[in-house]
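# Architecture and fold: a report
In case you want the letters, here they are:
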Amino acid sequence: MNPNQPSSTPEARPADKAVAGVGAGIAAVRAPRGSARAALIAAAHTTVRKQGYAATTVDQICAAAGVTKGAFFHHFASKEALAVAAAEAWTERARPMFEMPPHTRLDDPLARLLGHIDFRFAMLDGPVEDFTCFVGTMVQEAFATSEPIRAACEASINAYCEALAPDVAAAMEVYGAPEDVTALGLAQHIQAVLQGSFILAKTTNDPAIARESVTHLKRYVRMLFEPRGAP
């Protein structure tokens, strides 16, 4: 076993906790003073994750952002336009999780992949709305009623999968994998498990069930890359 490979049960290491504010688990970051557009986007991330897209009003977003309704319409033509911009910004918020955490600097690609799963596990703590996914929440409500929102959420989720796929491909190159496994397909499966775990956490209003799902995910990934014929 690679000495850098994480243990079989995901654990939040101190370095992981230090950067656990990036990506899908982060709480909204206060925008710089005077940046009404950024404040509105951050407020959308917070309010939609807490109460859903349909239940969130422009007035609520303005109140959370501390800006006037006039400022809202100066930057966005509609709530839908803000939602699209917020989905694009969510992608940028997630980008550091592929660059900052310590596991991204490990030499072994499987250790990096398992480290990423550990990192996502470490995010599953605190109030459910603080670690669930903005685009995953929004697309469940708006996929059939707003094509711009659906497309923006698709692009954000695809960006996550495409960022994860290179480590999957590298692990496949080193360790092998069943013939029908593709790097993008496994990255999409990881995303699907994460999104599903968020839904389960909402049903109980507790992260414990989500953490169990991600533990199973890590177990599956490790088994997938075990040498063929290994005991």
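Presented here is a report on the structure given in the accompanying data block. (Residues numbered from 1 in each chain as written. Predicted model: local features only at pLDDT ≥ 70, side-chain atom pairs only at ≥ 80, totals over all residues. Heavy atoms only, no water.)

### Observations concerning helix α9 (residues 147-175)
In this model, α9 (29 residues) spans 40 Å end to end at C-alpha, consistent with the 42 Å of a helix rising 1.5 Å per residue. Restricting attention to buried positions, one finds in α9 the residues I149, A152, C153, S156, Y160, C161, L164, A165, V168, A171 and M172. Considering only its buried residues, α9 is in contact with α5 (79-94), α6 (109-123), α8 (134-142) and α10 (183-204). Once α9 finishes, G176 follows within two positions and takes phi at roughly 80°, a positive value. (Helix = DSSP H or I, 4+ residues; strand = E, 2+ residues; numbered from the N terminus. Expected span 1.5 Å × (residues − 1). Buried < 20%, exposed > 50% of the residue type's maximum accessible area, 1.4 Å probe, protein only. Contact = heavy atoms within 4.5 Å.)

### A look at the packing of α8 against α9
Packed helices, taken two at a time, are described by the angle between their axes plus the distance between the axes. One can describe the packing of α8 onto α9 by two numbers: an axis separation of 9 Å at closest approach and a directional angle of 145°. Judged by the sense of rotation from one axis to the other, the crossing of α8 with α9 is left-handed. Counting all contacts with α8, which are made through V135, M138, V139 and A142, the residues of α9 involved are I149, R150, C153, S156 and I157. A class-by-class count of the residues in the contact of α8 with α9 yields 7 nonpolar, 1 polar and 1 charged. (Axes fitted to C-alpha atoms, helices over the stretch in contact; angles between N-to-C directions. Left-handed = near helix turned anticlockwise from the far one by under 90°. Nonpolar A, V, L, I, M, F, W, Y, C, P; charged D, E, K, R; others polar.)

### A look at the packing of aromatic side chains
Applying the stated criterion across every chain, the model contains 5 aromatic pairs. Considering the side-chain rings of W90 and F134, the 6.0 Å spacing of their centres and the 50° angle between planes classify their relative orientation as tilted. A residue pair is termed long-range when its members are at least 10 positions apart, and W90 in helix α5 and F134 in helix α8 qualify at 44 residues. These aromatic residues form a ring-pair network of at least three members: F72, F73 and F76. Over the ring of Y53 we find K79; its NZ or CZ atom is 4.2 Å from the centre of that ring. (Phe/Tyr/Trp six-rings, centres within 6.5 Å; stacked < 30°, edge-to-face > 60°. Lys NZ or Arg CZ within 6 Å of the ring centre and 35° of its normal.)

### A word on the pattern of salt bridges
With the rule as written, the count across this model stands at 6 salt bridges. Close ionic contact of R150 with E147 constitutes a salt bridge, the shortest N to O distance being 2.6 Å. A residue pair is termed a helical-turn pair when its members lie 3 or 4 positions apart in one helix, as R150 and E147 do in helix α9 at 3 residues. Overall, the relative accessible area of 48% leaves E147 in the partly exposed class. Here the salt bridges do not stand alone but share partners, grouping E147, R150 and E154 into one network. (Salt bridge = Lys/Arg side-chain N within 4 Å of Asp/Glu carboxyl O.)

### A word on the nonpolar core
By size, the foremost hydrophobic cluster in this structure holds 66 residues, and its most contacted members are L40, M138 and F225. Broken down by element, this core gets its largest block of residues, 10 residues, from α9. Other than its neighbours up to four places away in sequence, L40 contacts I61, C62, A65, V67, A71, F72, F76 and L82. (Core = buried A, V, L, I, M, F, W, Y, C linked by side-chain atoms within 4.5 Å.)

### Quick look at the packing of helix α2 (residues 36-51) against α5
Where α2 meets α5, the axes come as close as 9 Å, and the angle between the chain directions of the two elements is 90°. Taken together, the axes of α2 and α5 are roughly perpendicular relative to one another. Counting all contacts with α2, which are made through R37, L40, I41, A44, H45 and R49, the residues of α5 involved are L82, A85, A86, A89, W90 and R93. In terms of residue class, the contact of α2 with α5 is made up of 8 nonpolar, 1 polar and 3 charged. (Parallel < 35°, antiparallel > 145°, perpendicular 65-115°, else oblique.)

### Comments concerning helix α11 (residues 208-224)
Taking 1.5 Å of rise per residue, 17 residues should cover 24 Å, and α11 covers 25 Å from first to last C-alpha, within 8% of that figure. Buried within α11 are the following residues: A210, S213, V214, T215, L217, K218, V221, R222 and L224. Along its buried surface, α11 packs onto α6 and α10.

### Overview of the environment of A210
Mapped onto the secondary structure, A210 falls in helix α11. Overall, A210 belongs to the buried group, its relative accessible area being 0%. Between the alpha carbons of A210 and I199 there is a distance of 8.2 Å; along the sequence they are 11 residues apart. Those residues in contact with A210 that sit more than four places away from it in its chain are L124, S197 and A201.

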